[in-house]
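Chain by chain, the residues:
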Amino acid sequence: MNTRIEITTPDDWHLHLRDGDRMQAVVQHSARQFGRAIIMPNLTRPVTNTAMAMAYRDRILEALPPGNTFQPLMTLYLTDTTSPADIDEAAAEEHVVACKLYPAGATTHSDAGVTDLRNIYPALQRMAETELPLLVHGEVTDPRIDVFDRESVFIDRVLIPLREQLPELRFVFEHITSSEAVHFVNDQEQNVAATITPQHLLLTRNDLLASGLRPHHYCVPILKSINDKKLLVEAATSGDARYFLGTDSAPHARHEKESACGCAGIYSAHAALELYCEIFDAVGAMDKFESFAAFNGADFYGLPRNSGTITLEKSSWTVPDEYDFAGERLVPLRAGTELAWRLSDD
Ligand code: NCD
Ligand code: ZN
Ligand code: ZN
């Protein structure tokens, strides 16, 4: 049995760092675990152009602990008015690596998102031409659709037509949660990949709803069934190059989650690798962990794999009940519980 594993330094292909003092409070957790991360652009004022992305990148670099070499990979937030010229500018900047589609109203800070994919068709076409990947929050916002079906309906209404219209557009189906999403990704021979979060591999809607309402298990897309989780675990631990690590670590202050109308988002950056490691260990797939965490994402984005290594060891520790969040409190995933794996400091 493995009690220690050394792998190539991994990357987080879906991360929310927020901004200002809140970013300063959380960035060290990701910077300690990962070589690089794709930084989501859904700030209070969304990151909609290359100049904003580069200014945000500078703020992240300034917030890093001295000597840390963590690299933020920037993304643009697509709106109804994003133009092919905006895409050209992004494609010419090496630090901007993708554009993010938030269907308007689907999630945190998505009000400025895209109301109809037809509005950004010229921009998507230019992304395909310049090989800039599209990152997709894949849920419909139609209020007639049950919240548990929003991802599967999005596949039928948006992704399947998009594959037909623009087969050369490379895209990442972000934070997939359902068996339908796994089937969809498995059916695509090229240009499509998916990220999977720790919470969707560890938890189901029972953990959200069945023994009291657990606001710290609330994220979007919402946790799904036991069978969905089984398929996600199979996909993540299969070694299939289309699946890679993306925590979707999304910090919100304690009072914003423990509320009559709580925010969506789970904080996992404090123990991201340990949480994923637990999943791979549980199904006897530690030999597939490195490709999921360190190879598949870099290969999809056409970036070099990291050159360093990290070590995880089987040595238990207790997650704090909360972290400081710029004077507010931040409740992490697995708060107050014991984790079996630990990221070694040496
Ligand atoms: C994310 C956030 O809080 O920014 N929340 C979430 O529940 N996943 C947004 C997102 O990734 O959709
Ligand atoms: Zn999302
Ligand atoms: Zn996210």
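Our subject in this report is the structure included herewith.

Thresholds, definitions, all that
Residues numbered from 1 in each chain as written. Chains lettered and ligands numbered in written order. Predicted model: local features only at pLDDT ≥ 70, side-chain atom pairs only at ≥ 80, totals over all residues. Heavy atoms only, no water. Pairing = 2+ DSSP bridges. Helix = DSSP H or I, 4+ residues; strand = E, 2+ residues; numbered from the N terminus. Axes fitted to C-alpha atoms, helices over the stretch in contact; angles between N-to-C directions. Contact = heavy atoms within 4.5 Å. Donors = N, O, S within 2.8 Å, 3.2 Å for Na, K, Ca; no water. Buried < 20%, exposed > 50% of the residue type's maximum accessible area, 1.4 Å probe, protein only. 1 Å grid on protein atoms, 1.4 Å probe; cavity = no way out; pocket = protein on both sides within 12 Å on 5 of 7 lines; lining within 4 Å. Points joined across faces, edges and corners; volume = space filled by probe spheres on them. Nonpolar A, V, L, I, M, F, W, Y, C, P; charged D, E, K, R; others polar.

Remarks on the sheet that holds strand S1 (residues 4-8)
And then number 1: The 3 strands lie next to each other as S1-S10-S13, forming an open sheet whose pairing is antiparallel. Edge positions in the sheet fall to S1 and strand S13 (338-343), since each of these pairs with one other strand and no more. When strand polarity is set aside, the average angle formed by the axes of neighbouring strands in this sheet is 30°.
And then number 2: Of the pairings in the sheet, the one linking S1 to strand S10 (residues 309-318) comprises 5 bridges and is antiparallel in character. Counterpart to Thr8 in the pairing with S10 is Thr309.
And then number 3: Each of S1 and S10 touches helix H12 (residues 289-301); the most contacted strand, S1, lies at about 25° to it.

Details of the coordination of the zinc ion (ligand 3)
And then number 1: Around the zinc ion (ligand 3), the protein contributes the donor atoms His14 (NE2), His16 (NE2) and Asp248 (OD), which lie 1.9 to 2.0 Å from the metal centre.
And then number 2: The distance between the zinc ion (ligand 3) and the zinc ion (ligand 2) comes to 3.8 Å.
And then number 3: What makes His14 buried here is its relative accessible area of 0%.

Some thoughts on the coordination of the zinc ion (ligand 2)
And then number 1: The coordination sphere of the zinc ion (ligand 2) contains the protein donors His137 (ND1) and His175 (NE2), at a distance range of 2.0 to 2.1 Å.
And then number 2: A residue is classified by how much of its surface remains accessible, and His137, at 1% relative accessible area, is buried.
And then number 3: His175 sits in the buried class, given a relative accessible area of 3%.

Digging into empty space enclosed by the protein
And then number 1: Taken as a whole and assessed by the stated rule, the structure comprises 3 cavities of 30 Å³ or more.
And then number 2: Looking at the largest cavity, its volume works out to about 130 Å³.
And then number 3: As for the largest cavity, its lining consists of 19 residues, and the residues nearest its centre are His16, Thr107, Val220, Asp248 and Ala250.
And then number 4: In this structure, the second largest cavity spans a volume of roughly 50 Å³.
And then number 5: In terms of lining, the second largest cavity is formed by His216, Ala250, His252, Lys257, Gly265, Ile266, Tyr267, Leu330, Val331, Pro332 and Leu333.
And then number 6: Among the residues forming the lining of the second largest cavity, the class breakdown is 7 nonpolar, 3 polar and 1 charged.

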